[in-house]
Amino acid sequence: VGQQFIMMLQDHPWFVISDLGASERSKGKAYADAARWIKSTDIPAEIKGQVVKACVPSEFSCKVVFSGLDSSVAGEVESEFAAAGFAVFSNSKNHRMDPDVPLLIPQVNGDHLGMVRHQQQQHGYKGYIATNPNCS
């Protein structure tokens, strides 16, 4: 999932990939050394040398996080980022059924982002979490 995010965002007109996060095992390595790249194209040149950071909000300079974390860690990590003020768009199942987390299909229900105000009030988040309806 993380590799798909990279492919979708690499030439996006609104986003720049400024931070890459992963497990403690990958922290501090160049992305090319940390990832087992499975896409049919090469790792984008501007990503290869980026150093992978720990998934800790204080390590990140961005404001928007696209999370492809494994569900074994995604719930807690994504909550920490939302609490720290990040907009978190998750592909994981962990928050998908939370009543105050929008299941977002931008072309269909973009107005569901209005739920984030309630989410912020309920959890004391400065940011928020939104998910996609499923990972397929």
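Summarised in this report is the structure supplied together with it. Just so it is clear, the structure is predicted and the values come from calculations on it, not from any experiment.

### Things to note about the packing of aromatic side chains
This structure, assessed with the given rule, holds seven aromatic pairs. Note on Phe81 and Phe86: the rings are 4.9 Å apart at their centroids and 70° apart in plane angle, and the pair reads as edge-to-face. Exposure class is identical for Phe81 and Phe86. Each is buried. Here Phe89 and Tyr128 contribute two aromatic rings whose centre-to-centre distance is 5.9 Å and whose plane-to-plane angle is 90°, an arrangement assigned as edge-to-face. You can see Phe89 sitting in strand 4 (residues 87–90) and its partner Tyr128 sitting in strand 5 (residues 128–131), a full 39 residues away along the chain. Classification of Tyr128 by relative accessible area gives buried; the value is 19%. Members of the aromatic cluster, each reached through a chain of ring pairs, are Phe5, Phe15, Phe66, Phe89 and Tyr128.

Cut-offs used in this document
Residues numbered from 1 in each chain as written. Predicted model: local features only at pLDDT ≥ 70, side-chain atom pairs only at ≥ 80, totals over all residues. Heavy atoms only, no water. Phe/Tyr/Trp six-rings, centres within 6.5 Å; stacked < 30°, edge-to-face > 60°. Buried < 20%, exposed > 50% of the residue type's maximum accessible area, 1.4 Å probe, protein only. Helix = DSSP H or I, 4+ residues; strand = E, 2+ residues; numbered from the N terminus.

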